[in-house]
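Results of the structural survey
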Amino acid sequence: MRRSYVAAEDSAVLRNAISAYSGESCLEIGAGNGGNLIEASASFLRTAGTDLVRPDLTDWQGQGVDFVLTDLAACFRDGTFDLVFFNPPYLETENVEDIATDGGKSPGATLSFLREALRAVKPDGRVLMLVGGTSLGKELAEACREFGFAAKPAGSKHMFYEELTLYEVSNDAWSSRSSSRNTLQ
């Protein structure tokens, strides 16, 4: 039986970052137990989360949040959300044994999440992605360019044995509207 991803320190990093955004609609791809959705629902009129596994916790219920069992953002139309955010399974592993954390040998899982986020975000929207490591990587940068977006680091945090980097992706990644945060809480 698959269990949903239980929020950890990386989830808290993403949760702190999304609190700086607001708008009509947002989506978390791979929402796990839904903890980030509660934070997002305070600043967005409509908040949705997706995952392949039903959440074990129910804290997000009653918060005006929708949770959809689907792969990535497959059930949503193109250009729907003001903000799409995600913390994909990015740990490099030989074999994917736990879909909640294992990303495999390449950035395949992160790339899949990013492509869906770029498809689902509005042209003037933002994508936030929290990934392991300090480099965006050629494949992820190219995916952004394919959709007419660019990514810039919005902060980083060293945690135990890994470096986490938050990227903000937008049509105008270097605009003054973009987040200028350098250190995450």
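Below: a short report on this structure. None of these values were measured; they are calculated from a predicted model.

Calculation notes
- Position numbers for residues start from 1 in each chain and track the written sequence from start to end.
- Where local features are concerned, this predicted model is filtered to residues with pLDDT of at least 70; where side-chain atom pairs are given and counted, the filter is 80 or more; whole-chain, interface and lining totals use all residues.
- Only heavy atoms go into the side-chain values, all of them from the structure, while hydrogens and water stay out.
- Per the convention used, a helix needs a DSSP run of H or I reaching at least four residues, while a strand needs a run of E reaching at least two, with both numbered from the N terminus.
- The buried label applies to any residue whose accessible area, calculated with a 1.4 Å probe on protein chains only, is under 20% of its type's maximum; exposed applies above 50%, and partly exposed to all values in between.
- By definition in these notes, contact holds between two residues if any of their heavy atoms fall within 4.5 Å.
- Method for areas: the Shrake-Rupley scheme with a 1.4 Å probe, in which residue coverage is limited to the protein chains shown.
- Note on geometry: axes are C-alpha line fits, over the in-contact stretch for helices, and angles between N-to-C directions span 0 to 180 degrees.
- The scheme is simple: roughly parallel for angles under 35 degrees, roughly antiparallel for over 145, roughly perpendicular for 65 to 115, oblique for anything else.
- In this scheme, a crossing is called left-handed if the near helix is turned counterclockwise away from the far one by less than a right angle; it is called right-handed if the turn is clockwise.
- Lys, Arg, Asp and Glu make up the charged group, whereas Ala, Val, Leu, Ile, Met, Phe, Trp, Tyr, Cys and Pro make up the nonpolar group; the residues left over, Gly among them, are polar.
- Each pair of strands is called paired provided DSSP finds at least two bridges between the two strands.
- Residue types Ala, Val, Leu, Ile, Met, Phe, Trp, Tyr and Cys, when buried and joined through side-chain atoms within 4.5 Å, form a set referred to as a nonpolar core.

Digging into the overall build of the chain
Tallying secondary structure elements over the chain gives four helices and nine strands in all. Traced from its N-terminal end to its C-terminal end, the chain shows the element sequence α-β-α-β-β-β-β-β-α-β-α-β-β. When each of the 185 residues of the chain is scored for burial, the buried share is 50%. Considering only intrachain contacts with a sequence separation of at least 6, the fraction spanning at least 24 residues in the chain is 60%. Here the chain displays about 9200 Å² of accessible surface, and carbon together with sulfur accounts for 49% of that area.

Details of the packing of helix H3 (residues 108-120) against helix H4 (residues 138-146)
Packed helix pairs are specified by the crossing angle of their axes together with the interaxial distance, meaning the distance between the axes. Running from amino to carboxyl end, H3 crosses H4 at an angle of 15 degrees, the nearest separation of the two axes being 10 Å. Classified by the angle their axes make, H3 and H4 are roughly parallel. Between H3 and H4 the crossing geometry is right-handed. Every residue of H4 that contacts H3 at Thr110, Leu111, Leu114, Arg115 and Leu118 is listed here: Glu139, Leu140, Ala143, Cys144 and Glu146. Classifying every residue of the contact of H3 with H4 gives six nonpolar, one polar and three charged.

So, the environment of Asp71
Looking at where Asp71 falls in the secondary structure, it is placed in the loop between strand E3 (65-69) and strand E4 (81-86). On the basis of relative accessible area, Asp71 is assigned to the partly exposed category, the value being 45%. Considered as a pair, Asp71 and Gly30 are 41 residues apart in the sequence and their alpha carbons are 8.4 Å apart.

Side note on the sheet that holds strand E8 (residues 150-159)
Hydrogen bonds between backbone groups are what pair the strands of a sheet, and the pairing can be parallel or antiparallel. One open sheet holds the seven strands; their spatial order is E3-E2-E1-E4-E7-E9-E8, and the pairing between them is mixed. If you trace the sheet from one side to the other, it starts and ends with E3 and E8, each paired once. For this sheet, the mean inter-axis angle between neighbouring strands, taken without regard to orientation, is 15 degrees. Looking at chain direction, E8 and strand E9 (residues 162-170) are connected through nine bridges and run antiparallel. Bridge pairing in E9 places Gly155 opposite Leu166.

Brief notes about the pairing of E4
With six of six residues buried, E4 lies mostly within the body of the structure. Examined bridge by bridge, strand E1 (residues 23-29) and E4 share four bridges and lie parallel to one another. By the bridge assignment, Ile29 is partnered in E4 with Phe86. Examined bridge by bridge, E4 and strand E7 (residues 121-132) share five bridges and lie parallel to one another.

So, the nonpolar core
In terms of nonpolar packing, the biggest core is built from 28 residues, with Leu27, Ile29, Val84, Leu114 and Val127 touching the most fellow members. When residues of this core are traced back to their parent elements, those giving at least two are E1, E4, H3, E7, H4 and E9. Looking at this core, the element that brings in the most residues is H3, giving six residues. Counting residues in each nonpolar core, the second largest holds 16 residues, with Leu14, Ala17, Phe85 and Leu130 among its members.

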